[in-house]
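Chain by chain, the residues run as shown.
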Amino acid sequence: MPAYAVIGAQWGDEGKGKIVDYLGDNIQVLNPELKTKKSVAADIVVRANGGNNAGHTLWNPLGEFRLHLAPGGIVNPRVQIAVIGPGVVIDLNTLDAELKTIMDTLGVSLEDLLAKLFISTKAQIVFSGHIMEDFMHEVHRAIDAKQFRGEKDFKVGLSDIQQGIGTTGRGIGPSYADKSGRFGLRIEDLFDQKKFTSKFILAWNRKVRLLESFYLSRKEVSEEVKQEARKMLGKYVTEKDRLLELGEKFRGSFRNVERMLYEANRESKHILFEGAQGFHLDIDHGTYPYVTSSNCGIAGLSNAGITRFNEVIGVFKAYCTRVGSGDLTTEMIDDDDAQYAKLIREVAHEYGVTTGRPRRIGWLDLAALRHSVILNGITSSAITRLDIFDDIDFGPKKLVKVGVGYNCAHLAEERERQQKNFPQVSDLYCDDFDHYRQNGGVEPVYEELKSWGPVPVGSGHAKVHGQRSIRDLPQRAREYIARAEKFQGVPIRIISTGPKRDDTIIVAIK
Ligand code: IMP
């Protein structure tokens with residue numbers, strides 16, 4: 001029963017797209033029983049959580065793809081089936097546009113693509129009401145933040161709204177909220193035009209009432225925000241007709257995918273699950289409330305007919321990034337660190353695939369990584385973007401930091417102050433909340449390691465970029481990998497050395 005899962009072990013944007021693409025074409029790497037050195041493609045690739053808040057970039061021999069909803073396997077002709085699972089929230093317009101781009105790049109027809117794409121009938125439909133609500137939630141959070149700071153007589157305008165969670169604005173949270181509230185529209189509703197029409201009018205009317213009598217009712221909402229929110233909510237008839245039209249277009253792909261995956265698993269097909277976002281954005285385990293609205297770890301991948309995985313691969317970048325608000329304990333914000341963060345952002349082009357926002361940059365937080373390993377049963381991991389350090393000058397001593405724990409200065413007992421474990425609110429606040437507040441949060445504890453960059457062109461010095469064998473990596477890069485591996489407690493099986501599929505080293509596991 002060979003099923004495999006790939007999940008993000010940080011705050012999203014770890015490079016899962018590239019790893020899923022590689023494994024989708026080389027599943028033998030995860031299955032020694034195949035006893036072959038030839039590349040074997042996965043039979044099925046499954047996307048199981050989140051929505052078009054995700055942005056997976058992959059660059060395979062057929063082109064470069066930026067996917068938000070479609071599973072990575074859709075752009076690999078050797079993968080037979082691509083599945084969107086029941087836990088996904090789907091903006092059908094985005095999916096339509098994405099399929100169009102894939103068709104153009106691959107030179108295939110819509111029929112070809114739809115013949116291999118299957119969408120769970122239980123998946124939720126995102127509509128304009130959710131996008132409007134996502135926006136208005138952020139507006140209200142900005143109002144609350146200003147009031148909390150004691151500001152008076154203000155209006156919140158469009159430029160203020162990043163003071164909230166900093167969501168992607170794709171309607172993801174409100175869509176999951178409607179699902180839990182039992183107001184949601186499911187893909188299966190599209191089978192019956194009459195039923196869909198009556199459900200849609202209820203859902204749409206509910207959003208209009210919420211907008212007019214609640215969201216816009218606060219006096220701090222500016223005119224420009226009101227206009228924008230009203231514009232976001234689509235026209236009832238046009239939107240309903242469009243959704244029904246897309247429902248017809250994709251109808252042949254709507255399936256009981258859970259059953260299909262269960263059967264495929266019994267037939268020993270190779271099934272690769274692709275997580276979206278990262279575990280520290282998980283709705284339960286992430287840095288709540290600065291999280292997304294789905295389970296981004298193994299729990300989010302286990303609701304599509306398969307609950308046992310031969311391998312769970314945790315993907316992490318050589319440094320940390322985060323978009324939007326919330327804790328990033330190892331964020332590079334002080335002194336020299338800020339300058340390195342800027343360099344990394346530019347060299348690695350650390351801007352969101354979905355929103356284009358600059359990503360916040362931090363040192364690799366090994367304690368956070370270990371937390372992901374423990375809570376998700378990660379069996380081995382993949383490190384990405386180590387090649388970025390080839391081009392960064394980390395000062396005369398070439399020192400990089402890795403987070404190996406936290407200093408919790410407020411804790412009374414000396415022995416408790418330094419923790420190796422990822423800090424949980426419950427551990428920190430319980431004893432003495434007032435003391436915690438006065439003495440301020442947690443500080444990262446760092447270890448310093450030696451870097452190897454910048455590697456001048458033509459210098460003959462080893463660099464990470466494009467290497468295909470671990471022996472050819474700079475010695476210090478190997479030391480960096482070894483430290484990460486030892487701390488997190490599971491082997492690093494995959495080293496990504498560049499964006500292309502073949503820029504990959506597979507490490508033999510003893
Ligand atoms: P939402 O998922 O749009 O509700 O956004 C909630 C938080 O998760 C925000 O901080 C987003 O920036 C972040 N987020 C959502 N999806 C991704 C992703 O795919 N990569 C990185 N961050 C994400």
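In short, a report on the structure. (Residues numbered from 1 in each chain as written. Predicted model: local features only at pLDDT ≥ 70, side-chain atom pairs only at ≥ 80, totals over all residues. Heavy atoms only, no water.)

## A closer look at the nonpolar core
Here comes step 1: Counting 53 residues, the largest nonpolar core has Ile-90, Leu-99 and Met-136 as its most contacted members.
Here comes step 2: It is helix H4 (residues 128–148) that contributes the most residues to this core, six residues altogether.
Here comes step 3: The next biggest cluster of nonpolar side chains, apart from the first, holds 49 residues, and it includes Tyr-319, Cys-408, Tyr-480 and Phe-487. (Core = buried A, V, L, I, M, F, W, Y, C linked by side-chain atoms within 4.5 Å. Buried < 20%, exposed > 50% of the residue type's maximum accessible area, 1.4 Å probe, protein only. Helix = DSSP H or I, 4+ residues; strand = E, 2+ residues; numbered from the N terminus.)

## So, helix H11 (residues 335–347)
Here comes step 1: For H11, built from 13 residues, the straight-helix expectation of 18 Å at 1.5 Å per residue is met to within 8% by its first-to-last C-alpha distance of 19 Å.
Here comes step 2: Taken residue by residue, H11 has Asp-337, Tyr-340, Ala-341, Ile-344 and Arg-345 as its buried positions. Viewed along the axis of H11, the buried residues span an arc of 140 degrees, placing them on a single side of the element. When the buried face of H11 is taken as reference, the exposed residues oriented beyond 90 degrees from it are Asp-335 and Lys-342.
Here comes step 3: Each element contacted by the buried residues of H11 is listed here: strand S13 (360–362) and strand S16 (399–407).
Here comes step 4: The first or second residue beyond H11 is His-349, which carries a positive phi of 50 degrees. (Expected span 1.5 Å × (residues − 1). Arc of directions from axis to C-beta. Contact = heavy atoms within 4.5 Å.)

## Considering the site of the ligand
Here comes step 1: Taken together, 16 residues form the shell around the ligand, and within it Asn-53, Thr-168, Thr-292, Val-323 and Arg-357 come nearest.
Here comes step 2: Between the ligand and the protein, one listed contact pairs an oxygen atom with a side-chain N or O atom of Thr-168 at 2.6 Å.
Here comes step 3: Take Val-323: an N or O atom from its main chain is 3.0 Å from an oxygen atom of the ligand.
Here comes step 4: For the ligand, whose free accessible area comes to 470 Å², the fraction covered by protein is 97%.
Here comes step 5: By residue class, the composition of the shell around the ligand is six nonpolar, eight polar and two charged. (Near = heavy atom within 4 Å. Polar contact = N/O pair within 3.5 Å; in protein donor to acceptor, adjacent residues only side chain to side chain. Areas by Shrake-Rupley, 256 points an atom, 1.4 Å probe, with all protein chains shown as cover. Nonpolar A, V, L, I, M, F, W, Y, C, P; charged D, E, K, R; others polar.)

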